[in-house]
Amino acid sequence: MRVTVIGSGYVGLVAGACLAETGNDVVCADHDATKVRNLCDGILPIYEPGLEPLVARNVEAGRLQFTTDLPGAIRHGDVVFIAVGTPPGEDGSADLQHVLDVARAVGRNLDRFKVVVTKSTVPVGTAEKVRAAVRGEGAGEFAVASNPEFLKEGAAIDDFMKPDRVVLGTDDPRAEELLRELYSPYVRSGSPILFMDIPSAEVTKYAANAMLATRISFMNQVAELCERVGADVFAVRKGIGSDSRIGNAFLFPGPGYGGSCFPKDVKALVHTARTVGMVPDLFEAVEAVNQRQKSVMFDKLKRLLGDVAGTTVAVWGLAFKAGTDDMRESPAIPLINALLDAGATVRAHDPEAMDAARGLWGDRVTFVAQPFDALEGADALAVVTEWLVYRTPDFERMHTMLARKVLVDGRNLYEPGRLARLGFRYAGIGRRAA
Ligand code: NAD
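Nothing here was measured: the structure is a model prediction, and the numbers come from that model. (Residues numbered from 1 in each chain as written. Predicted model: local features only at pLDDT ≥ 70, side-chain atom pairs only at ≥ 80, totals over all residues. Heavy atoms only, no water.)

## With respect to the packing of aromatic side chains
Applying the stated criterion across every chain, the model contains nine aromatic pairs. Ring geometry for phenylalanine 395 and tyrosine 414: centres 5.1 Å apart, planes at 85 degrees, overall edge-to-face. Of this pair, phenylalanine 395 sits in helix α16 (residues 395-401) while tyrosine 414 is found in the loop between β13 (406-409) and α17 (416-421), placing the two residues 19 residues apart along the sequence. With a relative accessible area of 6%, phenylalanine 395 lands in the buried category. Look at tyrosine 414 and you get buried, because its relative accessible area is 2%. Cluster of aromatic residues (ring-pair linked, three or more members): Phe160, Tyr183 and Tyr186. Taking the ring centre of phenylalanine 234 as reference, the NZ or CZ of arginine 237 above it sits at 4.9 Å. (Phe/Tyr/Trp six-rings, centres within 6.5 Å; stacked < 30°, edge-to-face > 60°. Helix = DSSP H or I, 4+ residues; strand = E, 2+ residues; numbered from the N terminus. Buried < 20%, exposed > 50% of the residue type's maximum accessible area, 1.4 Å probe, protein only. Lys NZ or Arg CZ within 6 Å of the ring centre and 35° of its normal.)

## Observations regarding the sheet that holds strand β8 (residues 193-196)
Spatial ordering of the open sheet is given by β3-β2-β1-β4-β5-β6-β7-β8, a layout of eight strands whose pairing is mixed. The open sheet terminates on both sides in strands that have one partner only, identified here as β3 (64-67) and β8. When the angles between neighbouring strand axes are averaged without regard to direction, this sheet yields 25 degrees. In the sheet, strand β1 (residues 2-6) pairs with strand β2 (residues 25-29) via five bridges, with the strands oriented parallel. Each residue of the ladder has a partner; that of isoleucine 6, found in β2, is alanine 29. Contacting β4 (79-82), β5 (114-118) and β6 (142-146), helix α6 (residues 126-137) runs over the sheet at an angle of about 155 degrees to β6. (Pairing = 2+ DSSP bridges. Axes fitted to C-alpha atoms, helices over the stretch in contact; angles between N-to-C directions. Contact = heavy atoms within 4.5 Å.)

## Considerations on the nonpolar core
Counting 52 residues, the largest nonpolar core has Leu301, Trp316, Leu318, Leu339, Trp361, Met398 and Tyr414 as the members making the most contacts within it. Broken down by element, the residue count for this core peaks at six residues, all from helix α14 (residues 332-341). In this structure, Leu54, Phe66, Ala145 and Ile157 belong to the second largest nonpolar core, which totals 41 residues. (Core = buried A, V, L, I, M, F, W, Y, C linked by side-chain atoms within 4.5 Å.)

## Considering the pairing of strand β10 (residues 345-349)
Counted residue by residue, β10 has four buried out of five residues, so it is predominantly covered. In this sheet, β10 lies alongside strand β9 (residues 312-316) in parallel orientation, the contact comprising five bridges. Note on β10: the bridge partner recorded for alanine 314 is arginine 347. Here two bridges tie β10 to strand β11 (residues 366-367), and the two strands are oriented parallel to one another. Counterpart to arginine 347 in the pairing with β11 is threonine 366. Following the chain from β10 across helix α15 (residues 354-361) to the adjacent parallel β11, one finds a crossover that is right-handed. (Right-handed = clockwise from strand over helix to strand, strands pointing away.)

## Remarks on the packing of helix α9 (residues 198-229) against helix α10 (residues 233-241)
One way to put it is that α9 packs onto α10 with a least axis distance of 9 Å and a crossing angle of 130 degrees. It follows that α9 is oblique to α10 by the angle criterion. Along this stretch, α9 crosses α10, giving a crossing that reads as right-handed. Contacts between α9 and α10 involve Phe218, Met219, Val222, Ala223 and Cys226 from the first element and Val233, Val236, Arg237 and Ile240 from the second. (Parallel < 35°, antiparallel > 145°, perpendicular 65-115°, else oblique. Left-handed = near helix turned anticlockwise from the far one by under 90°.)

## Quick look at the site of the ligand
Of all residues adjacent to the ligand, which total 25 residues, the nearest are Val11, Asp30, Lys35, Thr86 and Lys264. With respect to the ligand, the side chain of threonine 86 contributes an N or O atom lying 2.5 Å from an oxygen atom. Between the ligand and the protein, one listed contact pairs an oxygen atom with a backbone N or O atom of threonine 121 at 2.9 Å. Relative to its unbound accessible area of 820 Å², the ligand is 90% covered by the protein chains. Among the secondary structure elements, those contributing two or more residues to the shell around the ligand are α1 (10-21) and α5 (97-108). Considered class by class, the residues forming the shell around the ligand number eight nonpolar, nine polar and eight charged. Each of two domains, domain 1 (2-195) and domain 2 (206-291), supplies a minimum of three residues to the shell around the ligand. (Near = heavy atom within 4 Å. Polar contact = N/O pair within 3.5 Å; in protein donor to acceptor, adjacent residues only side chain to side chain. Areas by Shrake-Rupley, 256 points an atom, 1.4 Å probe, with all protein chains shown as cover. Nonpolar A, V, L, I, M, F, W, Y, C, P; charged D, E, K, R; others polar. Domains from an automatic or database assignment.)

## A look at the pattern of salt bridges
The full count for this structure, using the stated rule, is 26 salt bridges. A salt bridge links aspartate 101 to arginine 104, with the shortest nitrogen-to-oxygen separation between them at 2.9 Å. On the criterion of helical spacing, the pair formed by aspartate 101 and arginine 104 is a turn pair, its members being three residues apart in helix α5. The exposure class of arginine 104 is partly exposed, given its relative accessible area of 31%. The closest approach of N and O atoms between arginine 174 and aspartate 172, which form a salt bridge, is 3.0 Å. When salt bridges with common partners are traced through the structure, they connect Asp78, Asp111, Arg112 and Lys114 into a single cluster. (Salt bridge = Lys/Arg side-chain N within 4 Å of Asp/Glu carboxyl O.)

## Describing the side chain of aspartate 350
Its location among the elements puts aspartate 350 in the loop between β10 and α15. Of the side chains with opposite charge, arginine 411 comes closest to the buried, unpaired aspartate 350, at an N-O distance of 9.1 Å. There is a polar contact of 2.8 Å between the side chain of aspartate 350 and the backbone nitrogen of glutamate 352. Not counting chain neighbours up to four residues away, the residues in contact with aspartate 350 comprise Gly317, Leu318, Ala319, Thr385, Trp387 and Tyr390. (Lys, Arg positive; Asp, Glu negative; His and termini not counted.)

Listed below in structure tokens is the structure:
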């Protein structure tokens, strides 16, 4: 099938490469000329496991092309995916400017019947705005569909190639037929393609992200309670997760959720709910708990170090989660800013996100090539991201290097009892002090 993907960022690039992998003829367009030039030269704008060889293989085979020529790209596709960014506006609403710009461009280049699919995360009602924007520019035939993307950064290829489900909102049988054919190679092992009305598909994406964010904020609050009453959140997590109505997934407390999706999508959901006259108090609480959680690591460092001014703190992990170089809304940002503001020196390591971090702090933070280099001259270590490389460090070496033996473990990677026996002053999130 001839497929166009507009917006070659995280979602567009992954979708384009995965759609090419099953034999489709895919053109990915983006208005960022540098990004497109780099992609044509085999340089990817993001780190995502497995993506580089996937892109290279499909470019080599002639099934995947990159271009800044938006009109040409639109004319290429029978299905046109819109995968541009939807950043938060000042009031928390999703900014639809890019989505609607693309929709108008589709309208101007409607040379035959096309299915125009919103893959960007967009509030309910957007597909109708897309329909109006396309129609406002041209007289050709088209259908609209909503196809929210559920990929996880760090496991994006697997999520696209073997999705738990594909959600497709459409009211047009031709669109349904084309999209069923396009997605059938990815659901051969039995995952469902869920066809539904367009508003339900649009709401599904926000409901899914809000549910996941809720579980995180819920566990962060349970962790705080555990700390105050002398319980251990690991035991509590197992105790509730083994209830089949609750399940074990997504019950890990941490330094607060970040990334390009949960924070902005929960805010956008609050905005949508308010717009239709609802009181979205639960969604607002999820976001408020998360905001508070982002200062928890700094508070623990302060408690263990006393005055932070003049100390040196090593930070392991800058990306908002392991497996990505994405620093958008990473909990490392407020932590490092608070440390710098309080007069601490910060030495940081991350396997993939240091280029992005240099853009944020320049030489105000010392970036080091190996995890243990960050500990040189440090009083304390804060572990922000759960990269595998941090999981089984040489604790004796760590103990020797850290002047004040303070270890704040934002991901609960280590066993409090063992660390106490080794002489660390250790704080996890919701773990019972040894
Ligand atoms: P991104 O910022 O990585 O990529 C967006 C791309 O769109 C950029 O390359 C930008 O240059 C391009 N673009 C913007 N306006 C354009 C225009 N008018 N014409 C052509 N190109 C244009 O964003 P992303 O992370 O890929 O997210 C895209 C959408 O998918 C968002 O709505 C996001 O919420 C949603 N989403 C993201 C994820 C994720 O994990 N990143 C997961 C699911 C859904």
